[in-house]
Amino acid sequence: MKRFLFLTSALASLAVTAAAQEITVVSWGGAYGASQMEAYHKPYQALTGIKINSVDADNPATPIKAQVEAGNVTIDVADVEPSDLVRLCDEGALEVLAIDELPDGADGTPAAEDFIEGGLYDCGVGTIVYSTLIAYRTDGTAPTSTADFFDLEKIPGKRGLRKGAKYALELALMADGVPPAEVYDMLATPEGVDRAFAKLDTIKDQVVWWEAGAQPPQLLADGEVVMTTAYNGRIFNAMISENQPFELFWPNQILDFNLFVIPKGAPNKEAAWEFIKWATDTQRLADQASFISYGPARKSSAPLVGLFKDGKTEMGPHMPTNPDYMADALTTDIEFWADHDIELNERFNAWLAS
Amino acid sequence: MAEIARDAPERMTAADGTPLKAALARAQGRARRRAFLLVAPLLVFVLASFVIPIGQMLHRSVHNPVFSANMPATTAWFGANPVGTEPDEAAFAALAADLAAAAEARTIGAVGTRVNYEMQGTRSLFTSAGRKADDLEAPFRAAMLDLDRRWGEPELWNTMRNVSSPYTANFYLAAADRFRDLDGGISRVAPERQVYLTLFQRTFLLSALITAICLLLGFPIAHLLATLPLRYSNLLMILVLLPFWTSLLVRTTAWMAILQGQGVLNNALVALGVIGDDGRIALMYNQAGTVIAMTHILLPFMVLPLYSVMRNINPSYVRAARSLGASSWTAFRRVYVPQTLPGVGAGALLCFILAVGYYITPALVGGASGQLISNLIAFHMQNSLNWSLAAALATLLLAAVLLLYWVYDRLVGVDNMKLG
C-alpha cells in the first residue's frame, strides 16, 4: 500500500511537472489553424502532457519581428511563409535549427532528401505545400486556359485577385504565354515587369482585390466574382464541407510552402524544437492532409494520405502535390521575392492607386 | 500704537507661531503635491501609452542604424573619404571584412534589406556575398568584382554612403515620392512609382467630402433631437447611439452585404425594375463604398456635439427675430446657425481627424480607388516591414492634422469648440 502510494504520488508529480510546461504556437487561424490543432496540437498534448497555446495572427511573421526587436519574445513556434522565413532568418530573428536531428521518413529516406525541394531551410521545417490557383463557379463558363482569366469577352464578369504583386504578376505572365520555368527570369527584367502590368491593365477595372484567404470563397459564394485566385484549401473546404458549386483550375497553379520556425530567444526553445521534430514526421504530415487539402511537405507522407475527415472524400485529387497537377505548376521563387518584394509591391501599389 | 501698526506685516504669524507666509506656502505645496499624486497615474499612463510610442515613431522615421552598426569598417571609410571618391582597394577590403563579420553575426540580411530600400534588387547581392565572404582574398577589389560586377557600380556605393549615416531624411523623401540621386540632389521617382502624394491628396479630399456629408446629414438630425419632446428625442437618441456602440467591423461588414453587386440594395433596385439585372450599380470596391460606409460610421461623431450645442440654444432668440419681422429662413441663417457654430466646428474637426486615419473600412470596401494613406502605412508595418517608411508616412499625416488644427484655431478659435 505504501509503495502504491509512493508510486502514484511520484507519477502525479511527474504529471504535474509535465503539465506545467507549455509552448505557444502562432499560426494563421481559420480552417488551416483548425487542421493543425487536430493533426498536431491535440495528439501532442495527449502524448506528452505539454500544453499548447494556439494563437492566431494575420501573418505570424509580423509579431516575430516586433517581439525580437523589442527583446520580449513570447512565441515558441510560428508558422510562416518562405519569403518571410528567408528574410527573418537572414536578419537573425530566427533560431538556426539542427536540421539533421529531424527523423527519417517512414520509408527510411533521410530527412534532408525526404522533404520536397524548398521545404527545408536552416531556420525552418516545411509542413504543407499549398497552391494559389484559379477557382470558378460551376454554374458559369469554365476556364480552359490561364489566358481565359484575362479574357473579358469569353468570360465576362468580375475577377478576384490577391492584393499584392506576388501571384498577380506570375499569373499575368503565364496567361500571356510565358512558360512557368521562365516566369521569374522574365520578371527580373524591366520589360517583363512592364509586360505583366500591361496584362493586368486589361482587366484592372473588373478586379475585386482580396487580402485574407477567407475572402475568395465568400466572393464566389456571393456571386461578386465569376472566378478568382484563391488558396486551394479554402476552396476545397467550401466545396466539400459547405457544398458550394465551385471548381478549381489546376494548370499553372503556383506552389508555396508553410514552415515551422522558432523565433530567436523563444522562452521554451528546447520544447519547441521537440514539438517541431514530432509534428513534421511522416505520419503527422500525412495526418494533416485529412483535415485540409494542403499537400504534405515530405515525399514519404504522400502514400499515407487517405480519406478526408468526412470519411468518404479521397484526398489524392485535391492535393496540390498530385503528380497530374505538377507538370506545369510554378513553384514560388523565394530568393526572387526576397530581393524584389519591395520594389514590385511599390510599383503595384502605385499602379493600383493610379 | 503707531509702532505696532508699522511692524504688523512682518510679525503676522499662524496659530503655531510660524510666519504666515511660510505656513501658507507649505499648505499650498502640500495641496499641489496631493493634486499631482492624484493625476500621477493618468500622467504615467499618457506618457507610457501615448507620448513615448509617438516619440519612438518620430525617432524611427529619421533613425535607422542598421548599416552603420553592422558595417563599421565601410562606414568609417565613408567618413574618411569625401563624397565622390572612387572606392579604392581599402574600401573594398573594409567591405569584404564587414560582409564576412555580418554574415557570421547573421545580420547580413538586415543590411541587405536596408540598402534594398533605397536601391532595388540589391538584397541578394549582400546575402550571397555574405555566404562567400570568408573565402575572399586580396586584392579585394578584383575579388569582389569577380563575385558580382555590380559591386563596382557607383550607384551602389553612393547608396551605401547614403545609408551609412544612422540619421537620415531619406524616408521622408520616399514618403514624398522623392529620392536622393547620384549628385546628392533630390529628384522625383519615376511616374509609375509615384503613389504617396496621390494618396495623401485623396485621403484629405475624401475626408473633407465625408465630413461635409456628415454635416449635411447630421445637422437636421441634431436639430430634431434638440427640439423634440424628451420622450421622443430619447428614443431617437438611442437610434443614433446604437450603431455607435456596435463594432466597427460589424458595421462595415453589414455595409458589404448591403452594397455589393448581389447585395440588398442592388437586388431591391432590380426587383423594383429601376435597373436591369445586368446594370447593377458598383457601390462597393471603389470610392463610393468608402464614402458611404465611412459617412455612416462617423455620423454620430457629428450628431453628438451638434446636439449638445443645439440643446442649449435658447428658442426665444429665434422667436424674437421672427417677431421683429425676420423671415423664418433669415432667422435660421442669422440667428440660429451662428449659435451652432461651436458644435459644427467640433463635429467637423472630430469627423475629419478620424476620417484621415481610417484604415479598416477602406481596406474592406474601398477596392483599389478607395484606398487611403493609412492602408499603405499598414502595408509597410505588416508586409514590407519597412517600419521607418511607415513611421515617416505616419509622421507626415500627424503633422498635416496638427497643421489643420492650427489653421482651425486661427480661423475659428479652439475655445469656441464645444464637444458636449
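Numbering of residues starts from 1 in every chain and runs along the sequence as written. A letter from A marks each chain and a number from 1 marks each ligand, given out in the order of writing. Only residues with pLDDT of at least 70 get local features here, since the model is predicted, and only at 80 or more are side-chain atom pairs given and counted; chain-wide, interface and lining totals rely on the full set of residues.

Enquirer: Account for the confidence of the model for chain A, with residues named and values stated.
Expert: Residue and element names in this part refer to chain A. Across chain A, the average pLDDT comes to 88, with 94% of residues at 70 or higher. Element-level mean pLDDT values for chain A span from 47 in helix H1 (residues 2-20) up to 96 in helix H6 (residues 168-175). Scored below 50 in pLDDT, residues 4-19 shows 6 contacts in the model against residues more than four places distant or in partner chains. Confidence of the prediction at every residue is given by pLDDT, a number between 0 and 100. Counting from the N terminus, the helices are DSSP H or I runs at least four residues long and the strands are E runs at least two residues long. Think of it this way: build a C-beta for each residue from its backbone, and any pair within 7 Å is a contact.

Enquirer: Break down the interface of chain B and chain A for me, citing the residues and quoting the values.
Expert: Opposite the 34 residues of chain B that make contact, chain A presents 29 residues. With 6 residues, the single largest contributor to the side of chain B that touches chain A is helix H6 (residues 108-118) of chain B. Residue polarity follows a fixed list, in which Ala, Val, Leu, Ile, Met, Phe, Trp, Tyr, Cys and Pro are nonpolar, Asp, Glu, Lys and Arg are charged, and the others, Gly among them, are polar. The residue inventory of the side of chain B that touches chain A, partitioned by class, reads 12 nonpolar, 18 polar and 4 charged.

Enquirer: So, the domain arrangement of chain A: which residues are in play, and what are the values?
Expert: Residue and element names in this part refer to chain A. Note that the domain bounds reflect an automated or database-derived domain assignment. One can read the domain layout of chain A as domain 1 (2-129 + 257-318) and domain 2 (131-255 + 329-353). Of all the secondary structure elements, the ones that give two or more residues to the side of domain 1 that touches domain 2 are helix H2 (30-48) and helix H4 (82-90). Of the residues contributing to the side of domain 1 that touches domain 2, the split by class is 8 nonpolar, 6 polar and 2 charged.

Enquirer: Residue-level account of the pairing of strand S4 (residues 124-137) of chain A, with values.
Expert: Residue and element names in this part refer to chain A. Backbone-placed C-beta atoms define the burial measure: a residue is buried with 20 or more other C-beta atoms within 10 Å of its own, exposed with 12 or fewer, and partly exposed in between. The buried fraction of S4 amounts to 13 of the 14 residues, a majority that puts the element mostly inside the structure. As paired elements, S4 and strand S8 (residues 246-261) share 12 bridges and run antiparallel to each other. Residue pairing across strands places Arg 137 opposite Phe 246, the latter belonging to S8. Where S4 lies against strand S9 (residues 295-296), 2 bridges are found, and the strand directions are antiparallel. Bridging across to S9, Val 129 finds its partner in Gly 295. Should DSSP find at least two bridges between two strands, the strands are regarded as paired.

Enquirer: Just give me the short version of the packing of helix H5 (residues 89-104) of chain B against helix H8 (residues 140-147) of chain B, but keep the residues and values in it.
Expert: Residue and element names in this part refer to chain B. For every element, the axis is a line fit to its C-alpha atoms; helices are fit only across the contacting stretch, and the angle between N-to-C directions ranges from 0 to 180 degrees. One way to put it is that H5 packs onto H8 with a least axis distance of 8 Å and a crossing angle of 60 degrees. By the angle between their axes, H5 is oblique relative to H8. On H8, the residues that touch Glu 89, Phe 92, Ala 93, Leu 95 and Ala 96 of H5 are Phe 140, Arg 141 and Met 144. Of the residues in the contact of H5 with H8, the class split is 6 nonpolar, no polar and 2 charged. When an angle is under 35 degrees it counts as roughly parallel; over 145 it counts as roughly antiparallel; between 65 and 115 it counts as roughly perpendicular; any other value is oblique.

Enquirer: I'd like to hear about the domain arrangement of chain B, residue by residue, with values.
Expert: Parsing chain B into structural domains produces domain 1 (2-62), domain 2 (66-168) and domain 3 (196-416). Between domain 2 of chain B and domain 3 of chain B, the C-alpha centre-to-centre distance is 51 Å.

Enquirer: Would you mind going over the nonpolar core in detail, with residue names and values included?
Expert: Across soluble globular proteins, nonpolar side chains have a tendency to be buried as a group. By size, the foremost hydrophobic cluster in this structure holds 158 residues, and its most contacted members are Val 77, Leu 85, Ala 135 and Val 261 of chain A together with Leu 298, Cys 351 and Leu 393 of chain B. Element by element, the count of residues in this core is highest for helix H15 (residues 287-311) of chain B, at 14 residues. Dropping the residues within four chain positions of it, Ala 135 of chain A is found in contact with Pro 216, Leu 220, Met 227, Thr 228, Ala 230, Ile 235, Phe 246 and Leu 248 of chain A. Put simply, a nonpolar core is buried Ala, Val, Leu, Ile, Met, Phe, Trp, Tyr and Cys residues tied into one set by C-beta atoms within 7 Å. Counting 27 residues, the second-largest nonpolar core is a separate cluster that includes Trp 77, Ile 108, Phe 126 and Met 144 of chain B.

Enquirer: Requested: an account of the environment of Pro 166 of chain B, with residues and values cited.
Expert: Residues and elements named next belong to chain B. Its location among the elements puts Pro 166 in the loop between helix H9 (154-163) and helix H10 (170-175). Looking at Pro 166, the number of C-beta atoms within 10 Å reads 14, which means it is partly exposed. Residues Pro 166 and Ala 27 lie 139 residues apart in sequence; the distance between their C-alpha atoms is 51 Å. Beyond its immediate stretch of four places on either side in the chain, Pro 166 contacts His 63, Asn 64, Pro 65 and Ser 68.

Enquirer: Go over unusual backbone geometry with me, naming the residues and quoting the values.
Expert: Its identity as a non-glycine residue notwithstanding, Asn 243 of chain A has a phi of 55 degrees, on the positive side. Phi is positive for Arg 106 of chain B, which is not a glycine, with a value near 55 degrees. Checked against the element boundaries, Arg 106 of chain B lands in the loop between H5 and H6.

Enquirer: Explain helix H20 (residues 387-411) of chain B to me, using residue names and the numbers behind them.
Expert: Residue and element names in this part refer to chain B. Here H20 is 25 residues long and its end C-alpha atoms lie 36 Å apart, about the 36 Å a rise of 1.5 Å per residue gives. Along H20, the positions that sit buried rather than exposed are Ser 388, Leu 389, Ala 390, Ala 391, Ala 392, Leu 393, Ala 394, Thr 395 and Leu 397. Residues of H20 that are buried in the fold lie against helix H2 (20-62), H10, helix H11 (196-227), helix H17 (328-356) and helix H19 (373-382). Gly 413 lies just past H20 and shows a positive phi near 95 degrees. To estimate the expected span of a helix, count its residues, drop one, and scale the result by 1.5 Å.

Enquirer: So what's going on with the environment of Ile 108 of chain B? Which residues, and what values?
Expert: Its place among the elements puts Ile 108 of chain B in helix H6. Judged by C-beta crowding, with 28 C-beta atoms within 10 Å, Ile 108 of chain B ranks as buried. In the structure, Ile 108 of chain B is positioned 20 residues away from Ser 128 of chain B in sequence and 9.4 Å away in space, judged by C-alpha atoms. Not counting chain neighbours up to four residues away, the residues in contact with Ile 108 of chain B comprise Asp 90 of chain A together with Leu 99, Ala 102, Ala 103, Phe 126, Thr 127 and Gly 130 of chain B.

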